[in-house]
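# Observations on the three-dimensional arrangement
Here are the chains, one letter per residue:
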Amino acid sequence: GPYLADAHKEKGLNCAACHGAKMDVDDNETTVNASCVQCHGSLAKVAEKSKEAINAHKSHLGNMSCTVCHAGHTDSTTYCLNCHNFALKIPFGKVAARVPSVTLPVVKEVPANIRTDKTDIVIIGAGATGFTAAITAHDGGAKVILLEKMPITGGNSQLAAGGMNAAETRIQKEKGIKDSVDLMYEDTMKGGKNISDPDLVKILAKDSAAAVDWLTSIGADLSDVGRLGGASVARAHRPRGGAAVGANITQVLKKNAEDRKIDVRVNSRAVQILEDGKGHVTGVLVEGKHSKLYKISAKAVIIATGGFSANPERVAYYQPAYKGMTSSNQPGATGDGINLGATAGGELVDMKQIQIHPTVAAGSRILITEAVRGNGAILVNREGKRFVNEMTTRDAASAAILVQTGKSAFLVYDEGIRKSLKQIEGYFHLNLVTAGNTIADLATKIKVPAAELEATINAYNKAVDEKNDAVFKRPDMPRSLKTPGFYAIEITPGVHYTMGGLKVDTNARVMAKDGKPIVGLFAAGEGTGGVHGANRLGGNSITQTIVFGKIVGEKAAKFVK
Ligand code: MEZ
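All values reported here derive from a predicted model rather than from experimental measurement. (Residues numbered from 1 in each chain as written. Predicted model: local features only at pLDDT ≥ 70, side-chain atom pairs only at ≥ 80, totals over all residues. Heavy atoms only, no water.)

### Remarks on the pairing of strand β4 (residues 121-124)
In plain terms, the rule: Exposure categories follow from relative accessible area, calculated using a 1.4 Å probe and restricted to protein chains: below 20% of the type maximum is buried, above 50% is exposed, and the middle band is partly exposed. Helix and strand labels come from DSSP, where a helix needs a run of H or I of at least four residues and a strand needs a run of E of at least two; each type is numbered from the N terminus. Paired strands, as defined in this entry, are two strands with at least two bridges between them according to DSSP.
Going residue by residue along β4, you find I121 and I123 tucked away on one face and V122 and I124 tucked away on the opposite face as well. Inspection of the sheet shows β4 paired to strand β5 (residues 144-147) by 4 bridges, in the parallel sense. In the strand pairing of β5, I123 is matched with L146. As judged from the 4 bridges shared by β4 and strand β13 (residues 300-303), these two strands associate in the parallel manner. Residue pairing in the sheet places I124 in a bridge with I303 of β13.

What follows is the structure, given as structure tokens:
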């Protein structure tokens, strides 16, 4: 110390002032968080008081509990610093707070007589897949517990930016966009280099429009549509004005879970899937931040934990060339759920298929959404030249950037593109953008030959006018770059998505190595393999979370009945 608790004590507050008369501390730290709010006001109220340019209490991650960052009896840690490099100070805390990669504790023997909770279905991982599964299973009549090892829910889903792919939607029809389920299937198979499981891809495409309808019916805004790499038409659905899709849908999913009073437990790591002598799932062993080891007995377990892009050792194990690369992922994406399923006998597929995203802001973990290119931005190298079709698939764009001088490039756009996509304002807020009044001014600031950059942009604008990109064959050029100001963000590829994971069938059952499903074990989302093959198309991940989150919730609810 001294810690936050000592400061409270000095002000004459006793333990019960924070912990309540019963002094109970659950893993959600419910009582202590309520006490903080009672004295200091809600997060929104605290945010109002801040005059800082970066307002830590007004997070893009939405409403968080105070104890995500503030601790009473240990050093406080600023959660934002897991991804950002702000010089954010926190009372009684440390400046650097990255969550280290964690491996699961090995529990050889489940201690006898430990606390045992009971439910129908345990869902591990509270991202979009986990929430969708929980809501669907709950609405199907099952009792569920949703576990999250991190102090906040939302996972990578709440960072999702560019959109949610769906074909033949009402919104596309209203906008006159001609698309089909077959075309989405073909794009996805081709993007994944034809190694995806065709049955899973068919479901992804066929159920995509219903997934958009379902999300909209429970409160999401997916009314804007853009085009992303590898897609033949605009099918990436996102909120009005081109805002980030993940923040919108995860807030909606969380609210729906709250309204249904679903039992959501953060700081709660599943450490083992429990099985009976026949290999049938009987529940999970959990390690809670405060409750320590306890059991949840359940008839079914759903793994919805995501991938392992934030686990650099594991990424380098499968893809040595990606060693030391930055990642766009939240720190919890370490692949624990894949390990849990494999230890329970699940087969793993496509584990070497790891996606690097071409545009992570250089020297950071901040993803610059593909939607910026989708809305018209171009990629330019240090010599001031374009070098790739900006709308190609991510593997091709990333490979092209990595052979440029400095292994990075500039994403260049103008005021018109800036106005077309709300998400771009965030990059200004984070000081990632270099601005110029003219192209030459921008070129000087980013140390690129001005005459070359002018020639490149003029040639591109001509291609837009003629609807023909003769050199790079970019298929879609929605805007020319003619309206001052002119902007650039230096970008470099970063580990973004792991396509491999647990093998599942079309009923979301985890398959064992003998080709049979493991009774009672289900999985969906990024922790499963087969949907994206060798390369995921931008916008297909959120679709997968909702489409397969619904399937897994329905199938598991039916199974437990
Ligand atoms: O699906 C994605 O990963 C995506 C659309 C990312 C982005 O660039 O916004």
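Here the narrative resumes, following the displayed structure.
### A word on the environment of A133
For the record, the criterion: When checking whether two residues touch, look at their non-hydrogen atoms; a contact exists if any pair is within 4.5 Å.
Residue placement: A133 occurs in helix α5 (residues 128-139). With relative accessibility at 0%, the residue A133 sits in the buried group. Expressed as a C-alpha distance, the spacing of A133 and E554, which sit 421 residues apart in the sequence, is 7.6 Å. Aside from chain neighbours lying at most four places away, what touches A133 is I123, I302, G549, V552 and G553.

### A short note on the packing of aromatic side chains
In plain terms, the rule: Here the aromatic set is Phe, Tyr and Trp, taking the six-membered ring for Trp, and pairing holds for ring centres within 6.5 Å; pairs whose planes are under 30 degrees apart are stacked, those over 60 apart are edge-to-face, and all others are tilted. In this analysis the charged atom, NZ for Lys or CZ for Arg, is taken to sit over a ring once it is within 6 Å of the ring centre and within 35 degrees of the ring normal.
Taken as a whole, this structure holds 5 aromatic pairs when the rule is applied. Taking 5.5 Å as the distance between ring centres and 40° as the angle between the ring planes, the aromatic pair formed by Y413 and Y487 counts as tilted. Note that Y413 is positioned in strand β17 (residues 409-414) and Y487 in strand β19 (residues 486-498), a separation of 74 residues in sequence. Across the pair, Y487 and Y413 agree in class, each one buried. With centroids separated by 5.7 Å and ring planes inclined at 65°, the aromatic side chains of F522 and F559 adopt a geometry described as edge-to-face. Of this pair, F522 sits in strand β22 (residues 517-523) while F559 is found in helix α19 (residues 540-560), placing the two residues 37 residues apart along the sequence. Taken together, the aromatic side chains of F308, Y317 and Y318 make up a single cluster linked through ring pairs. Sitting over the ring of F428, R418 keeps its end group 3.8 Å from the ring centre.

### Some remarks on unusual backbone geometry
The amide bond that connects P484 to the next residue, G485, takes the cis arrangement and shows omega of -5°. The backbone of D350 sits at a positive phi, close to 55°, despite the residue not being glycine. The residue D350 is located in the loop between β14 (348-349) and β15 (354-361) in this model. For D350, a relative accessible area of 23% puts it in the partly exposed group. Despite not being glycine, A508 has its phi angle at roughly 65°, a positive value. Relative to the assigned elements, A508 resides in the loop between β20 (501-502) and β21 (509-511).

### Looking at the confidence of the model for the protein chain
Note the following rule: Every residue is assigned a pLDDT by the predictor, reflecting its confidence on a scale from 0 to 100.
In the predicted model, the protein chain carries a mean pLDDT of 95, and the fraction of residues at 70 or more is 98%. Interface confidence for the predicted complex, expressed as ipTM, amounts to 0.98; the pTM equals 0.96.

### Some thoughts on the site of the ligand
We count it as follows: A single heavy atom is enough: if one lies within 4 Å of a molecule or strand, its residue is considered near that molecule or strand. Polar contact is the term for a pair of N or O atoms within 3.5 Å; when the atoms are in protein, one must be able to donate a hydrogen and the other to accept it, and sequence-neighboring residues count only if both atoms are side-chain atoms. Here the open area of atoms and residues is found with the Shrake-Rupley method and a 1.4 Å probe, where only the protein chains shown may cover a residue.
Taken together, the neighbourhood of the ligand is formed by A161, G162, L228, H357, L367, T369, E370, R394, H496, R536, G538 and G539. A distance of 2.7 Å separates an oxygen atom of the ligand from a polar atom in the side chain of H357. Contacts to the ligand include R394, whose side-chain N or O atom sits 2.9 Å from an oxygen atom. A total of 270 Å² of accessible area belongs to the ligand in isolation, and the protein chains cover 94% of it.

### Some thoughts on the state of the cysteines
Worth spelling out the cut-off: We call a pair of cysteine sulfur atoms a disulfide whenever their separation is within 2.5 Å.
Overall, the coordinates contain 0 disulfides when judged by the stated rule. Free of any disulfide, C36 has its nearest cysteine sulfur in C66, 4.1 Å distant.

### A closer look at the sheet that holds strand β6 (residues 164-165)
If you trace the 3 strands from one edge of the open sheet to the other, you get β6-β8-β7, paired in antiparallel fashion. Edge positions in the sheet fall to β6 and β7 (224-226), since each has one partner strand and no second. Relative to strand β8 (residues 236-238), β7 is paired through 3 bridges, and the arrangement is antiparallel. Following the sheet pairing, V225 is matched in β8 by H237.

### Things to note about the pairing of β15
Within β15, 8 of the 8 residues are buried, which leaves the element mostly enclosed by the surrounding structure. One ladder, built from 6 bridges, connects β15 with β19; its direction is antiparallel. Paired with A361 across the strands is I491, a residue of β19.

### What about the nonpolar core?
Keep this limit in mind: Definition of nonpolar core: a set of buried residues of the types Ala, Val, Leu, Ile, Met, Phe, Trp, Tyr and Cys, connected through side-chain atoms within 4.5 Å.
Among the nonpolar cores identified, the biggest contains 80 residues, and I121, L215 and I546 are the most heavily contacted of them. In terms of residue count, the dominant contributor to this core is α19 (9 residues). Not counting the four nearest positions on each side in its chain, L215 is found in contact with M164, A220, L222, I249, L253 and I546. The next biggest cluster of nonpolar side chains, apart from the first, holds 42 residues, and it includes A371, A400, I401 and L421.

### Regarding the pattern of salt bridges
What counts here: Criterion for a salt bridge: a side-chain nitrogen of Lys or Arg within 4 Å of a carboxyl oxygen of Asp or Glu.
Under the counting rule described, the total for this entry stands at 30 salt bridges. Between D336 and K149 there is a salt bridge whose closest N-O contact spans 3.0 Å. With a gap of 187 residues between them, D336 in helix α12 (residues 336-343) and K149 in the loop between β5 and β6 connect regions that are remote in the sequence. Residue D336 is classed as buried on the basis of its relative accessible area, which comes to 8%. Connected through shared salt-bridge partners, R115, D117, D263 and R265 make up one network.

### Observations regarding helix α8 (residues 198-206)
Within the span of α8, buried status applies to L200, V201, I203, L204 and A205. Buried residues belonging to α8 abut α7 (181-191), α9 (208-217) and α19.

### With respect to the packing of helix α17 (residues 439-446) against helix α18 (residues 450-466)
How we decide: Here an angle of 0 to 180 degrees is reported between the N-to-C directions of two axes, which are lines fitted to C-alpha atoms, with helices fitted over the stretch in contact. Orientation is classified from the angle alone, with under 35 degrees giving roughly parallel, over 145 giving roughly antiparallel, 65 to 115 giving roughly perpendicular, and any other angle giving oblique. When the near helix sits turned anticlockwise from the far one by under a right angle, the crossing is termed left-handed; a clockwise turn instead gives a right-handed crossing. The nonpolar class holds Ala, Val, Leu, Ile, Met, Phe, Trp, Tyr, Cys and Pro. Asp, Glu, Lys and Arg form the charged class, and all remaining residues, Gly among them, are polar.
Contact geometry for α17 and α18: axes closest at 8 Å, N-to-C directions at 130°. With respect to each other, α17 and α18 are oriented oblique. As α17 packs across α18, the resulting crossing turns out to be right-handed. Here I439, A440, L442 and A443 of α17 come into contact with α18, specifically with A450, L453, E454 and I457. Each residue belonging to the contact of α17 with α18 can be placed in one class, and the counts come to 7 nonpolar, no polar and 1 charged.

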